[in-house]
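Take a look at the letters that make up each chain.
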Amino acid sequence: MSAETVNVAIIGAGLMGREIAAALQRWPALIDHPVRPRLTAVCDINAGALEWFREIDTVTTLVTDYHDLLADDSIDVIYVAVRHDLHEAIYTDVIRAGKSLLAEKPFGINESAAAEIMAAVSAHPESFVRCSSEMPFFPGAQWAINYVRSGALGTIVEARNSFLHASDVDPNKPIGWKRQNQFCGEAGVMNDLGLHTWHVPLRLGWAPDRVYAVLQNIITERPGPGGALVPADTWDNAVLHSWATHDGVRFPLTTETKRIDPGQKNTWVFEAIGLEGGVRFSTKNPKRVEVFAVVDVPGIGKEQVWQELDAGSQSVWPTVTGPNFEFGFSDSILQMWAVYLAERAGVLGGRFGAATPTEAAFTHTVYRAAAQSHATGAAIAVEAPAP
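Note that the structure is predicted; figures quoted are calculated from it, not measured.

Definitions and cut-offs
Residues numbered from 1 in each chain as written. Predicted model: local features only at pLDDT ≥ 70, side-chain atom pairs only at ≥ 80, totals over all residues. Heavy atoms only, no water. Helix = DSSP H or I, 4+ residues; strand = E, 2+ residues; numbered from the N terminus. Rg over C-alpha atoms; globule rule 2.2 N^0.38 Å. Buried < 20%, exposed > 50% of the residue type's maximum accessible area, 1.4 Å probe, protein only. Contact = heavy atoms within 4.5 Å. Areas by Shrake-Rupley, 256 points an atom, 1.4 Å probe, with all protein chains shown as cover. Lys, Arg positive; Asp, Glu negative; His and termini not counted. Charge placed at Lys NZ, Arg CZ, Asp CG, Glu CD. Pairing = 2+ DSSP bridges. Axes fitted to C-alpha atoms, helices over the stretch in contact; angles between N-to-C directions. Polar contact = N/O pair within 3.5 Å; in protein donor to acceptor, adjacent residues only side chain to side chain. Phe/Tyr/Trp six-rings, centres within 6.5 Å; stacked < 30°, edge-to-face > 60°. Lys NZ or Arg CZ within 6 Å of the ring centre and 35° of its normal. Expected span 1.5 Å × (residues − 1).

Draft legend 1. Region of interest: the overall build of the chain. Along the chain, the regular secondary structure elements total nine helices and 17 strands. For 387 residues, the compact-globule formula gives about 21 Å, and the C-alpha radius of gyration of the chain, at 21 Å, lands near that figure. With respect to the three principal axes, the spread of C-alpha positions in the chain is 70 × 55 × 40 Å. Here the chain, with 387 residues, has 53% of them falling under the buried criterion. Look at the contacts in the chain between residues 6 or more apart in sequence, and 69% of them connect residues 24 or more apart. When the accessible area of the chain is evaluated, it comes to approximately 16300 Å², of which 52% is carbon and sulfur surface. Put simply, the chain has 30 plus and 44 minus side-chain charges, and the middle of one group is 2 Å from the middle of the other.

Below, the structure is given as structure tokens:
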């Protein structure tokens, strides 16, 4: 069966735009995928940022106005990675133009913007829309998800999902847009990193019904363009203690997003503990999955044991990579695109998929509750997500 060709464009030629472009060049690593993407066009308001993409021979269009891409009938899918304050305008324009969209988080700068994007999604079903979230595609993360789904936890005790890094530890690091509410949004680090910690819990049905938040703005000023200190007014770290439900049992769910966690470099952590079993995975040790069980140890008797397993290379979509080899961040990007385009083509089946618009938009409801909790010192009830 010949694969369907899908022409892809990128709006935002920065770090993630280049990462996506590189991942698409590795597409032949996927086994029997029904779609073959071709990166044909890139847009950025900074013309200099486009130069890197000239090395990709399928790219024939480089522009500084994204409307040029919307008017190009040859483009099928657009990936957008821009400042949060630009999400609403660009995402809704892409959707209304009938293009499919893979959008970066947080899917709008705030709840109102997310609602406008959702309205466009509802009005244009011809536009297939998902939100970028790649960390759950690490094989160890998939093992952990499948373990929970198997029922092996028994009665759940607690769970945690974290995304941790230390990019803002240096107080002399110049101000950037992610450190300013007007561009990043008042949710701060939750807007920047939050979906990393909610994609899996929401997919497991763990929507919180109550949230208590601990928010920190640790470095309140940073050097501005001229060197003088200017306000850095976003939250650096956010820890949300929530109540969720698993198999009819309410349990404490903790989600952490931190820009200032000394020593961490994009560390994604998932842990779920029950009376009968448990599972842990962290990208800090990307091959290792820990599983808890009560086992009969010869000569000793029954003991509670954490066992270590090596996850290997295989994730949601099979690849030519040997199963005993290691998996990395670029592989997670490739897997996210594999499931996105497979679902767009209607052939994802029961595989774990990319974050949905409903999941992404609901995180803004959680962040609003978190802000209210921080301001009042109380746990705040959270409205149930839309079906």
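Draft legend 2. Summary view of the sheet that holds strand 3 (residues 61-63). An order of 3-2-1-4-5-6 is seen for the six strands of this open sheet, with the pairing classed as parallel. Bordering the open sheet on either side are strand 3 and strand 6 (129-131), each of which pairs with just one other strand. The sheet shows a mean angle of 25° between the axes of neighbouring strands, taken without regard to direction. As judged from the three bridges shared by strand 5 (residues 100-103) and strand 6, these two strands associate in the parallel manner. When the bridges of strand 6 are listed, L101 appears paired with V129.

Draft legend 3. Here's a closer look at the environment of H241. Looking at the secondary structure, you find H241 in strand 11 (residues 237-246). Look at H241 and you get partly exposed, because its relative accessible area is 38%. Taking C-alpha positions, H241 is 6.2 Å from A213, a pair spaced 28 residues apart along the chain. Not counting residues up to four positions away in its chain, the partners in contact with H241 are R210, V211, Y212, L253 and T254. There is a polar contact of 3.4 Å between the side chain of H241 and the side chain of T254.

Draft legend 4. Inspection of the pairing of strand 14 (residues 278-282) at higher detail. Where burial is concerned, most of strand 14 is hidden: four out of the five residues are buried. The pairing of strand 13 (residues 267-274) with strand 14 spans five bridges and is antiparallel. Looking at strand 14, one finds that V269 is bridged to S282. From the end of strand 13 to the start of strand 14, which pair antiparallel, there are three residues.

Draft legend 5. Seen up close, the packing of aromatic side chains. As enumerated under the stated definition, the model contains 13 aromatic pairs in all. Ring geometry for F128 and Y340: centres 5.3 Å apart, planes at 45°, overall tilted. Of this pair, F128 sits in the loop between helix 4 (111-123) and strand 6 while Y340 is found in helix 8 (residues 329-344), placing the two residues 212 residues apart along the sequence. We note that F128, like Y340, is buried. With a centroid separation of 5.7 Å and an interplanar angle of 75°, the aromatic rings of W337 and Y340 are classed as edge-to-face. Taken together, the positions of W337 and Y340, both in helix 8 and three residues apart, correspond to about one turn of that helix. Joined through ring pairs, the aromatic side chains of F138, W206, F251, W268, F270, F281 and F327 make up one cluster. Here the basic side chain of R351 rests over the ring of W317, its NZ or CZ set 4.1 Å away from the ring centre.

Draft legend 6. Structural detail: helix 3 (residues 87-96). Within helix 3, burial applies to H87, I90, Y91, T92, V94 and I95. Elements that come into contact with the buried residues of helix 3 comprise strand 1 (4-11), helix 2 (67-70), strand 4 (77-80), strand 5, helix 4 and strand 6. Directly beyond the C-terminal end of helix 3, a positive phi value near 85° is found at G98.

Draft legend 7. Just helix 4, in detail. Taking 1.5 Å per residue, 13 residues should reach 18 Å; helix 4 reaches 18 Å between its end C-alpha atoms and fits that length. On the buried face of helix 4, the contacting elements are helix 3, strand 6 and helix 9 (357-376).

Draft legend 8. Expanded view of unusual backbone geometry. For the bond running from K105 to P106, omega is 10°, close enough to zero to count as cis. Mapped onto the fold, P106 is located in the loop between strand 5 and helix 4. Positive phi, normally seen in glycine, also occurs at F107, with a value near 70°. You can see F107 is positioned in the loop between strand 5 and helix 4. Look at F107 and you get buried, because its relative accessible area is 0%.

Draft legend 9. Quick look at the sheet that holds strand 8 (residues 210-216). As summarised here, the arrangement of the nine strands in space is 16-15-14-13-7-12-11-8-17, forming an open sheet in which the pairing is mixed. Strands with a single pairing partner mark the edges of an open sheet, and in this sheet they are strand 16 (301-310) and strand 17 (380-381). As defined by bridge partners, strand 8 adjoins strand 11 across seven bridges and the pair is classed as antiparallel. Its bridge partner being in strand 11, R210 is matched across the sheet by W243. The sheet contacts of helix 9 involve strand 8, strand 11 and strand 17, and relative to strand 8 the element is tilted by about 70°.

Function cannot be inferred from these measures alone, as they are strictly geometric.
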